[in-house]
Amino acid sequence: MSLHTASIGELARGLAAGQYSAVELARHFLDRIGRFNPALNAFVTVTADEALAAAAAADASRAAGRAGVLTGVPIAHKDIFCTQGVKTSCGSRMLDNFIAPYDATVVSRMAAAGVVYLGKTNMDEFAMGSSNETSWYGPVRNPWDPSRVPGGSSGGSAAAVAGRLVPAATGTDTGGSIRQPAALVGISGIKPTYGRVSRYGMIAFASSLDQAGIMAPSAEDCAYLLGAMAGFDPRDSTSVDRPVPDYVAELATPLAGLRIGVLREFMGEGLEAGTGDRVREAIDVYRRLGATVVDVSCPKLPLSVPTYYVVAPAECSSNLSRFDGVRFGYRCENPRDLLDLYQRSRAEGFGPEVQRRIMTGTYVLSAGYYDAYYLQAQKVRSLIADDFRRAFTEVDLILCPTAPGPAFPIGAKVDDPVTMYLNDIYTIGANLAGLPAMSIPCGFDGALPVGLQLIGPHFSESRMLSAAHAYQRETDWHVRVPAAYA
Amino acid sequence: MTQEAKWEVVIGLEIHAQLATRSKIFSGSPTAYGAEPNTQADLVDLGYPGVLPVLNAEAVRMAVKFGLATGSKVAARSVFARKNYFYPDLPKGYQISQYERPIVEDGSLEIVLDDGARKTIGITRAHLEEDAGKSLHEGMVGASGIDLNRAGTPLLEIVSEPDLRSAKEAIAYLKKIHTLVRYLEICDGNMQEGSFRCDANVSVRRFGDPKFGTRCEIKNVNSFRFVEKAINYEVARQIDVIEGGGKIVQETRLYDSAKDETRSMRSKEEANDYRYFPDPDLLPVLIEPAFVAAVRATLPELPDEKSARLQSACGLSEYDAGVLCSSRELADYYEATLAAMPAAADAAAQKANAKLAANWVMGDLSAALNKDNLDVTAAPIGASRLAGLLARIVDATISGKIAKEVFEVMWAGGQTADEVIDARGLRQITDTGAIEKAIAQVMAASPGQLAEYRAGKDKLFGYFVGQAMKATQGKANPAALNEILRKMLAGP
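Parameters at a glance
- Residues numbered from 1 in each chain as written.
- Chains lettered and ligands numbered in written order.
- Predicted model: local features only at pLDDT ≥ 70, side-chain atom pairs only at ≥ 80, totals over all residues.
- Helix = DSSP H or I, 4+ residues; strand = E, 2+ residues; numbered from the N terminus.
- Rg over C-alpha atoms; globule rule 2.2 N^0.38 Å.
- Buried ≥ 20, exposed ≤ 12 C-beta atoms within 10 Å, placed from the backbone.
- Contact = placed C-beta atoms within 7 Å.
- Axes fitted to C-alpha atoms, helices over the stretch in contact; angles between N-to-C directions.
- Parallel < 35°, antiparallel > 145°, perpendicular 65-115°, else oblique.
- Left-handed = near helix turned anticlockwise from the far one by under 90°.
- Nonpolar A, V, L, I, M, F, W, Y, C, P; charged D, E, K, R; others polar.
- Expected span 1.5 Å × (residues − 1).
- Core = buried A, V, L, I, M, F, W, Y, C linked by C-beta atoms within 7 Å.
- Pairing = 2+ DSSP bridges.
- pLDDT = per-residue confidence, 0-100.
- Arc of directions from axis to C-beta.

Undergrad: Report on the overall build of chain A, specifying residues and quantitative values.
TA: For chain A, the count of helices and strands is 15 helices and 11 strands. Here the C-alpha radius of gyration of chain A, 21 Å, is about what a compact globule of 486 residues would show, namely 23 Å. Across its three principal axes, chain A shows a C-alpha extent of roughly 65 × 50 × 45 Å. Counting the 486 residues in chain A, one finds 59% classified as buried. In chain A, once contacts between residues fewer than 6 apart in sequence are set aside, the share between residues at least 24 apart is 76%.

Right under this line is the structure:
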């Protein structure tokens, strides 16, 4: 067994058995990052010194008998999470000089569990994008085909995990930013229920949609790490005070009797054949495993893209107002006056996609337009949530593709924002309704991975992870590694 | 008929009361005034990337308290919204406030006008919001400083109906709210430090006109006197404009107290589009009836209730009771003084005690406090020592005039009234023999005046009172002196 293809469970057991130290593990992955990152561009910052110190501390606590299950396990953090003393860029020129003065709750919880982070991963600027092409630090390459995108916005985390540069990485998902890249690079990724994981210290894009999650090869890996991230945080008023299940223990929940609903609206027009075929094959696997598979319908769900592109820009236009060149981040040279300081700092500090969304959001919240856009979108949003609620009276989980097709070539959609936005058509609904959802690999379209999406009712992460785990015990898509990274 | 008499003035006030919570409304930073710039602002107040607001429950409790004290509706569900605009002292680029759904709505307050008439002023709403920081321009060359200590301080914005019809009414209302928030202990009311601020919406219309005139909002007025002057200036300005054939433009105006004028700050066209929308970082504020009941149980006796009680229980006039109740501390001092005086023999004597104590608290005590710029809670003469002094007036040990002298000595030192009276020999002479002796001396020394008096020049009675008082160093009991003097002057 080579270390970089080991699962989180295997690494945890190896550390516990003393087969290798946390420092050795960190070195192994830091070496891989050094070797492969120049081609992938998955990391914005590699924190080798800090990581080795944290790994040594993990070894010391193990020696002192204070180790937990995850002590010494290495991961990477998406560069949207504030990390004390380390640059937190959010993929933007605006924050290229920003050293966060505090740790996000996700970061401090992971650290408390003994997890060692090796660096900060590249991402679409302020998480706005579906291809990782909007990053100030340049596009990330897909390990399966370096001419193609890894998806976005958590494209750096996705590529780093797919190339086995790290065993797992955190991500965030506002409209599919964990699931779509997971699908495009052939790994697993879960976006938990809104409120399950604290948003404190996660740089906000659209506050009512943003949710942190985890990306790793398998559902089992995700289960290990989600437990360490999740839970109530008094510093996030929207986090939910509810016990966190033992996701790893509950993976063994039998699949038999599970009712899976195949989402009719997402299995037809717009879906590429190679992706549709793989999803239908996965449905057969579930049938064989004893699940009851039926059709479900969420008729309002196709409205999720226009709804999302009102709500998310509205919130982002306000959330990003704090980047004004006054207290932190980018400031233009020699501002003439206050207005010039604001205008040039923001025009030079933000890229075109971020500016487009700020302008869209400003427009939909303006006097005279608010009712027609923002209020209307909120109404449709609650109709979409109603659709899901009704569907979940009939089924336990909903199944559909994660993205309409596999990874597309870098540059193919940058000039056409609407086509780019439509790549998230299957993922956005779960964000609008606050539902947990995940993507798992279900085969290939040619040489490119295809993802299968599961969506569950609020706080059904355990059920979803066990259903994914059952599938992954029958299939080996999740352990496939691109040849160059094997 | 003066020009003003043709015009009806319409005023509505927006009062910003800083809530007296220990920490800020959405962060754990302290709210204390006067610290070094930017030492009381944490990452939340600075609007750092990734931080989130968490509502201070104490601010909610205080808002509910205000709602109950003004007979308002306390909303079972209220919502925080974002008011978006760019300004250097607004770190997030938006202010968290309540917009469509405030926590308190539909209340009222009764004010007393100069002629004694009462008027009910509607309170449209009161909502919670965070204060902004301050821009500092003094001592900066080519730059402005930003102090974010105040950013995130909880405010209760209290919005009145346009029910006020003169600057005097506006001040009466403003003072009433000022008294109320201090009674409720939800705001320290300090106008110099900006804890209690007021914007006035002012318009004029011809009497009988059903429509309101175009209003101007006057900002930046930080004392009762300036609010009154600013409104009066603005009313005169608007009348001048209209009578000169002009039109009032809806705008925000700043009051300049040095020049006693208001100046245009920005017009409606220049006003920001604040793009309000519900803040997704905060859940709606849900208030259960049990919480409201618990807050209601903590309400103190309110100014109007206290005033009514002092009138009925102590027989004070409405005016006296109103003055004493204008501050909870002053009323407490008064009641403590009255309670510490010896029990009165009957109801009439008790009423006299109450009036005596009221006169002293409102008169000599308040004057001395004003002179030394002291709060009543810091009065050098506590309520029980003042009661000791008043007891000596009641039992005729000293006259009211001597008592003022004793009061001054007590104010400067730490003695009781009795110590001062004894040390200075100020005990009043009620001994008839001693008074007769003094009068006899005076009569002997003024034979001319005596003859004139006896010849019918009654006016000279005052002369003899003065001389006899002088002979007793002012210690003679005035009533006794008068009676004996009259007898002795009349002759045997």
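Undergrad: Would you mind going over the overall build of chain B in detail, with residue names and values included?
TA: Along the backbone of chain B there are 15 helices and 16 strands. Relative to the 2.2 N^0.38 estimate, which gives 23 Å for 492 residues, the radius of gyration of chain B is 30 Å and therefore markedly larger than a compact globule would have. Summarising its shape, the C-alpha atoms of chain B cover approximately 95 × 55 × 50 Å along the three principal directions. Residue burial in chain B is summarised as follows: out of 492 residues, 39% are buried. Long-range contacts, defined here as pairs at least 24 residues apart, represent 69% of the contacts in chain B between residues at least 6 apart.

Undergrad: I'd like a description of the packing of helix α12 (residues 432-445) of chain B against helix α14 (residues 461-471) of chain B, backed by residues and values.
TA: When two helices pack together, their arrangement is given by the angle between their axes and by how far apart the axes lie. Residue and element names in this part refer to chain B. Packing of α12 against α14 leaves a shortest axis separation of 9 Å and a crossing angle of 120 degrees. Taken together, the axes of α12 and α14 are oblique relative to one another. For the crossing formed where α12 meets α14, the hand is right-handed. Contacts between α12 and α14 pair A438, I439, Q441 and V442 from the former with F464, Q467, A468 and A471 from the latter. Here the contact of α12 with α14 is built from residues that sort into 6 nonpolar, 2 polar and no charged.

Undergrad: Tell me about helix α1 (residues 57-69) of chain B, and please be specific about residues and values.
TA: Residues and elements named next belong to chain B. The first and last C-alpha atoms of α1 sit 19 Å apart over 13 residues, in line with the 18 Å expected at 1.5 Å per residue. The element α1 is extensively covered by neighbouring structure, given that 10 of its 13 residues are classed as buried. Listing the buried residues of α1 in full gives A59, V60, M62, A63, V64, K65, F66, G67, L68 and A69. One or two positions beyond α1, positive phi appears at G71, with a value near 60 degrees.

Undergrad: Would you mind going over the nonpolar core in detail, with residue names and values included?
TA: In terms of nonpolar packing, the biggest core is built from 228 residues, with V116 of chain A together with A63, A170 and A200 of chain B touching the most fellow members. If you tally residues by element for this core, the top one is helix α2 (residues 167-183) of chain B, at 9 residues. Those residues in contact with A170 of chain B, other than ones at most four positions away along the chain, are I11, L13, L164, A200, V227 and I231 of chain B. Within the second largest apolar cluster, 37 residues are counted, among which are A354, A383, A417 and I421 of chain B.

Undergrad: Account for the sheet that holds strand β6 (residues 104-112) of chain B, naming residues and giving values.
TA: All names here are of chain B. One open sheet holds the 9 strands; their spatial order is β2-β6-β7-β10-β1-β11-β12-β13-β14, and the pairing between them is mixed. The open sheet terminates on both sides in strands that have one partner only, identified here as β2 (73-74) and β14 (261-267). As paired strands, strand β7 (residues 118-130) and strand β10 (residues 154-160) are joined by 7 bridges and run antiparallel to one another. For I123, the partnering residue across the bridge sits in β10 and is S160. Packing against the sheet, α2 makes contact with β1 (7-18), β6, β7, β10 and β11 (196-206), and its axis sits at approximately 115 degrees to β6.

Undergrad: Got a sec to walk through the interface of chain B and chain A? Specific residues and values, please.
TA: Facing the 24 residues of chain B at the interface are 34 residues of chain A. Considered class by class, the residues forming the side of chain B that touches chain A number 15 nonpolar, 4 polar and 5 charged.

Undergrad: Could you give an account of the pairing of strand β5 (residues 188-191) of chain A, with specific residues and numbers?
TA: One face of the sheet, then the other: side chains in a regular strand alternate in exactly this way. Residue and element names in this part refer to chain A. What you see with β5 is no split at all: S188 and I190 on one side and G189 and K191 on the other are buried throughout. Strand direction decides the pairing type here: β5 and strand β10 (residues 437-445), joined by 3 bridges, are antiparallel. Of the residues in β10, the one forming a bridge with G189 is S439.

Undergrad: So, the sheet that holds strand β5 (residues 94-98) of chain B: which residues are in play, and what are the values?
TA: Residue and element names in this part refer to chain B. Read from one edge of the open sheet, 3 strands run β5-β4-β15, paired in antiparallel fashion. Looking at strand neighbours, the two that pair on one side only are β5 and β15 (277-278), the edges of this open sheet. Pairing geometry for strand β4 (residues 80-84) and β15, over 2 bridges, is antiparallel. Residue pairing across strands places A81 opposite P278, the latter belonging to β15.

Undergrad: Explain the confidence of the model for chain B to me, and be specific about the residues and the numbers.
TA: On average, residues of chain B score 92 in pLDDT, and 99% of them are at 70 or above. Interface confidence in the predicted complex, given as ipTM, is 0.96; pTM for the same model is 0.90.

Undergrad: Lay out the environment of G443 of chain A in plain terms, naming residues and giving numbers.
TA: Checked against the element boundaries, G443 of chain A lands in strand β10. Those residues in contact with G443 of chain A that sit more than four places away from it in its chain are R278, E281, V450 and W477 of chain A.

Undergrad: I'd like a description of unusual backbone geometry, backed by residues and values.
TA: Residues and elements named next belong to chain A. Residue S153 is bonded to the preceding G152 through a cis peptide linkage, with omega at 10 degrees. Inspection of the secondary structure puts S153 in the loop between β3 (116-121) and α5 (155-162). You will see that N41, though not glycine, has its phi angle at about 60 degrees, which is positive. Among the secondary structure elements, N41 is positioned in the loop between α2 (22-40) and β1 (43-46). The class for N41 is buried, based on 21 C-beta atoms found within 10 Å. Here the phi dihedral of F459 falls at roughly 60 degrees; this positive angle occurs in a residue that is not glycine. Topologically, F459 is positioned in the loop between β11 (448-455) and α15 (461-474).

Undergrad: Explain α12 of chain B to me, and be specific about the residues and the numbers.
TA: Each full turn of the α-helix corresponds to 3.6 residues, which orients residues three or four apart in the same direction. Residues and elements named next belong to chain B. End to end, α12 covers 20 Å across 14 residues, agreeing with the expected 20 Å (1.5 Å per residue, within 8%). Listing the buried residues of α12 in full gives I435, A438, I439 and V442. Viewed along the axis of α12, the buried residues span an arc of 100 degrees, placing them on a single side of the element. In this structure, α12 carries G433 and A444 as exposed residues pointing more than 90 degrees from its buried face. Packing partners of the buried residues in α12 comprise α14 and α15 (478-490).

Undergrad: Hey, could you go over the environment of F224 of chain B for me, with residue numbers and the actual values?
TA: Residues and elements named next belong to chain B. Within the fold, F224 resides in helix α3 (residues 224-243). Sequence separation between F224 and L43 is 181 residues, and the spatial gap between their C-alpha atoms is 36 Å. Once you skip the residues sitting within four places of it in the chain, F224 turns out to touch I171, L174 and K175.

Undergrad: With reference to specific residues and values, describe the packing of α2 of chain B against α3 of chain B.
TA: Residues and elements named next belong to chain B. One way to put it is that α2 packs onto α3 with a least axis distance of 9 Å and a crossing angle of 150 degrees. On the basis of their axis angle, the class for α2 and α3 is roughly antiparallel. Handedness of the α2/α3 crossing: right-handed. In this structure, α2 uses A167, A170, I171, L174 and K175 to contact α3, whose residues at the interface are F224, V227, E228, I231 and N232. In the contact of α2 with α3, the residues fall into 7 nonpolar, 1 polar and 2 charged.

Undergrad: So what about the environment of R266 of chain B? Which residues, and what values?
TA: All names here are of chain B. Positionally, R266 belongs in strand β14. R266 gets classed as partly exposed once you count the C-beta atoms within 10 Å, which come to 13. Along the backbone, R266 and E251 are 15 residues apart, and their C-alpha atoms lie at a distance of 5.8 Å.

Undergrad: Please provide a residue-by-residue account of the pairing of β6 of chain B, values included.
TA: All names here are of chain B. Taken together, the 2 bridges between β2 and β6 define a ladder with antiparallel strand orientation. Counterpart to V74 in the pairing with β6 is V104. The pairing of β6 with β7 spans 8 bridges and is antiparallel. What sits directly across from E110, in β7, is T120. The hairpin formed by β6 and β7 contains 5 residues between the paired strands, and G116 there has a positive phi angle of roughly 90 degrees.

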